[in-house]
Amino acid sequence: MTTISSAAEQAPVSAPLVGRPDINRKRMARLGWTFTSPALIIIGAVTIFPIVYSVVISFSNATVSGNGVALNGFTTSNYSLVLKNSTWHYALGFTIIYTAITVIVELVIGTMIALVLERLTAGRGFMMALLLIPWSMITVINAELWGYIYQGTYGVADAILNAVGLGHPDVLGTPTPAIIGLMIADIWKTTPFVAIIVLAGLVMLPGDVYEAAEVDGSSGWSTFWRITVPLLRPTLALALIFRVLQAFGLFDLPYVLTNGGPGTATTSLAILGYDAIFKNLSYGPGAAVATTTALLVLLGCLLSLRAFRVQVGKED
Amino acid sequence: MRNRKRTGWHRIINGVNISAFFVVLFVGLPLYWLIASSFKTPDNLGDSPPQYFPNPVTLTNYRDAFGPEDFGIYFRNSLIITLVATALVLIVGTMAGYALGRLPMRGKFTLMVTLLIISVFPAIAVVAPLYLLLRDLGWLNSYQGLILVYTAFNLPFAVWILRNYMLGIPKEMEETGRIDGAGPIRTLWTIILPMALPGLFTAGIFCFTACWTEFLFALTFNSANNYRTIPVGIAEFGTVYTVPYGTIFAASVVAVVPIGILVFIFRKFVISGLTSGAVKG
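What you see is a predicted model, and the numbers here were worked out from it, not measured in a lab.

Thresholds, definitions, all that
Residues numbered from 1 in each chain as written. Chains lettered and ligands numbered in written order. Predicted model: local features only at pLDDT ≥ 70, side-chain atom pairs only at ≥ 80, totals over all residues. Helix = DSSP H or I, 4+ residues; strand = E, 2+ residues; numbered from the N terminus. Rg over C-alpha atoms; globule rule 2.2 N^0.38 Å. Buried ≥ 20, exposed ≤ 12 C-beta atoms within 10 Å, placed from the backbone. Contact = placed C-beta atoms within 7 Å. pLDDT = per-residue confidence, 0-100. Core = buried A, V, L, I, M, F, W, Y, C linked by C-beta atoms within 7 Å. Nonpolar A, V, L, I, M, F, W, Y, C, P; charged D, E, K, R; others polar. Axes fitted to C-alpha atoms, helices over the stretch in contact; angles between N-to-C directions. Parallel < 35°, antiparallel > 145°, perpendicular 65-115°, else oblique. Left-handed = near helix turned anticlockwise from the far one by under 90°. Domains from an automatic or database assignment.

Enquirer: Which residues make up the overall build of chain B, and what values do they have?
Expert: Scanning chain B from N- to C-terminus turns up 15 helices and 0 strands. What you see for chain B is a C-alpha radius of gyration of 23 Å, clearly larger than the 19 Å of a compact globule of 281 residues, by over 25%. Per-residue burial over chain B gives 47% buried out of 281 residues. Of all intrachain contacts in chain B linking residues separated by at least 6 positions in sequence, the fraction that spans at least 24 positions is 76%.

Enquirer: Describe the overall build of chain A, and please don't skip the residues or the numbers.
Expert: Across its full length, chain A holds 13 helices and 2 strands. Sorting the 316 residues of chain A into buried and exposed places 39% on the buried side. Across chain A, every contact between residues at least 6 apart in sequence was considered, and the portion connecting residues at least 24 apart equals 69%.

Enquirer: Explain unusual backbone geometry to me, using residue names and the numbers behind them.
Expert: Between N55 of chain B and the following residue, P56 of chain B, the backbone shows a cis peptide bond with an omega angle of 0°. With respect to the helices and strands, the residue P56 of chain B is situated in the loop between α2 (42-45) and α3 (60-66). With a phi angle near 55°, L281 of chain A is a residue other than glycine that sits in the positive phi range. With respect to the secondary-structure elements, L281 of chain A resides in the loop between α12 (269-279) and α13 (283-315). L281 of chain A sits in the exposed class, given 12 other C-beta atoms within 10 Å. A positive phi angle, near 50°, is found at N141 of chain B, a position not held by glycine. Note that N141 of chain B resides in the loop between α6 (124-137) and α7 (143-167).

Enquirer: Describe in detail the confidence of the model for chain A, supporting the description with residues and values.
Expert: Residues and elements named next belong to chain A. Of the residues in chain A, 89% reach a pLDDT of 70 or more, and the chain-wide mean stands at 83. Note on residues 1-16: pLDDT under 50 across the span, and 13 contacts to partners over four residues away in sequence or across chains. Counting contacts from residues 310-316, a segment whose pLDDT is below 50, to residues more than four positions away or on other chains yields 5 contacts.

Enquirer: Outline the nonpolar core, supporting the account with residue identities and numerical values.
Expert: With 161 residues, the main nonpolar core has V89, V149, L155, A158, V159 and A203 of chain B as its most contacted residues. Those residues in contact with V149 of chain B that lie beyond four places of it in its chain are V46 of chain A together with L130 and F217 of chain B.

Enquirer: Account for the interface of chain B and chain A, naming residues and giving values.
Expert: Listed as interface residues are 83 residues of chain B and, on the opposing side, 83 residues of chain A. Tallying contributions element by element places helix α1 (residues 10-38) of chain B first for the side of chain B that touches chain A, with 12 residues. Of the residues contributing to the side of chain B that touches chain A, the split by class is 63 nonpolar, 15 polar and 5 charged.

Enquirer: Which residues make up the environment of E118 of chain A, and what values go with them?
Expert: Residues and elements named next belong to chain A. Mapping E118 onto the fold places it in helix α4 (residues 86-119). In this structure the C-alpha to C-alpha distance between E118 and V198, which are 80 residues apart in sequence, comes to 9.9 Å. Every residue in contact with E118, bar those within four places of it in the chain, is listed here: L199, L202 and V203.

Enquirer: Describe the packing of helix α5 (residues 108-119) of chain B against α7 of chain B, with residues and values.
Expert: A packed helix pair is summarised by two numbers, namely the angle formed by the two axes and the spacing between the axes. Residues and elements named next belong to chain B. As a packed pair, α5 and α7 sit with axes 8 Å apart at the nearest point and diverge in direction by 135°. Taken together, the axis directions place α5 and α7 in an arrangement best described as oblique. The way α5 lies across α7 gives a crossing that is left-handed. Facing α5, whose interface residues are L115, L116, I118 and S119, α7 presents P156, F157, V159 and W160.

Enquirer: So what about the domain arrangement of chain B? Which residues, and what values?
Expert: Residue and element names in this part refer to chain B. Under the domain assignment used here, chain B contains domain 1 (10-62) and domain 2 (70-279). When each unit is reduced to the centre of its C-alpha atoms, the spacing between domain 1 and domain 2 is 32 Å. Each partner contributes to the interface: domain 1 provides 9 residues, whereas domain 2 provides 7 residues. It is α1 that provides the largest number of residues to the side of domain 1 that touches domain 2, a total of 4 residues. Looking at the side of domain 1 that touches domain 2, its residues break down into 5 nonpolar, 3 polar and 1 charged.

Enquirer: Can you explain the domain arrangement of chain A? Please cite residues and give values.
Expert: Partitioning chain A into domains gives domain 1 (2-58) and domain 2 (85-315). At the junction of the two partners, domain 1 of chain A supplies 4 residues and domain 2 of chain A supplies 6 residues.

Here you go:
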């Protein structure tokens, strides 16, 4: 913080700023770095340093001692342990499938909701406010709410399933229903978010294209597929990237709703990493799980950014 | 806003309204269930088939949340940590956003991309080293530990949003300030900041929501009862054997209200942040 105050004393310049562009420019650039430095220091210390440290732990023989974690020598054994572990295989597969299914369903339903809202003549403000509530809701609360809904004897889902003749299935106690239940809770919370993004994209689409399509006698369905969807691609790509990155770090919902169970049925990569580190105190393998997860997210982000930029380039 | 002719499509207008009604049901029913359940007596919460309308309506759960359960403490902790972290993010983020948006700096693009990449890093990747770091500092179970972490993790996105807003301010505005003899800091404070106010609202509401709802860091760093935030407190309500849904839902309703009001008032900024703020650049 001292850098700022000293810059503040230097910066109110004695010479007039007009007329000496070169010196002025240098001074402004220095000021720019001074203004940026607090943010860079905080981000560097609290995000970049731990990322590097995590990679270091993942390549070390880490042992937990009374006053911390001791790192003894370089090893790749953490990675070979993790990559050969069947629980990790399952968690990886589960996280990928969970991400794929929830994101696709959310994009489809979200687009449908956006199309409805776009045609709505009254009450759009109310609808937007309603859609924003699940988005801003604490995920832990969402998990508790659905836990109560799925509860085996007095849950409302149980009453509905019984009414349609499915008896009293133990939703959260059986692997496949538990996974589906988790996905429904996620879809309920996140679809509104997708709908809002898609609606904002829809509203910005040029109207004349639609008039031309109508003149050409294009029907509603073919107009949607041949005009709306292609024009909407950048928006859909944005929603997709946001959601994939978020879903891949899945932690809060299964931690509270199913605690990764039954067995390991809903153990995501983040839950596996957390349990390894904080429950089993296996810092090395835990860090390896965390690092591989981050690497996958990073890879996905770079690929999507690239695909996204190509898309934007085409638009120009 | 596109303006399409809908001659002879009155049937669709009807269909739209019916679809909208289903959207309201889809989003609203679980919310109704949360609110209705918070007003049921502990006995009625266990009714099978469930009570669809609370009868009798009771405030016991709300009293219990603040009485035997320490929801008041969690609420205070969440409020302090969220408000301080949001204020820090806005102060530090405005300075960085101003510099990156308006001052001639080399390597700006690389810096912005780095920020973008950091902002998508999953929390699990850094939680263990941060835990060790905060423990060495003696900052586990403290306010400053979580405030620092939340500030750092919300800064990249805030800087992005603020930079985009700063970019949109006309250059002439700054020059007026300079001709008047104002230094860069005064220019930022008196001329740029008022014009970037929508950006501050957007960044602020996103940061507030993220801090208010964050779970993994809070669970790991602040596990002691006196330092728990709302998400951790609610997750740890009750014992291993019973889940006190009544108190959980009463606490949940209280936790949803402030953020709901904020998001409702600033919904314009939330929507602009979700869309333009992230696309531009």
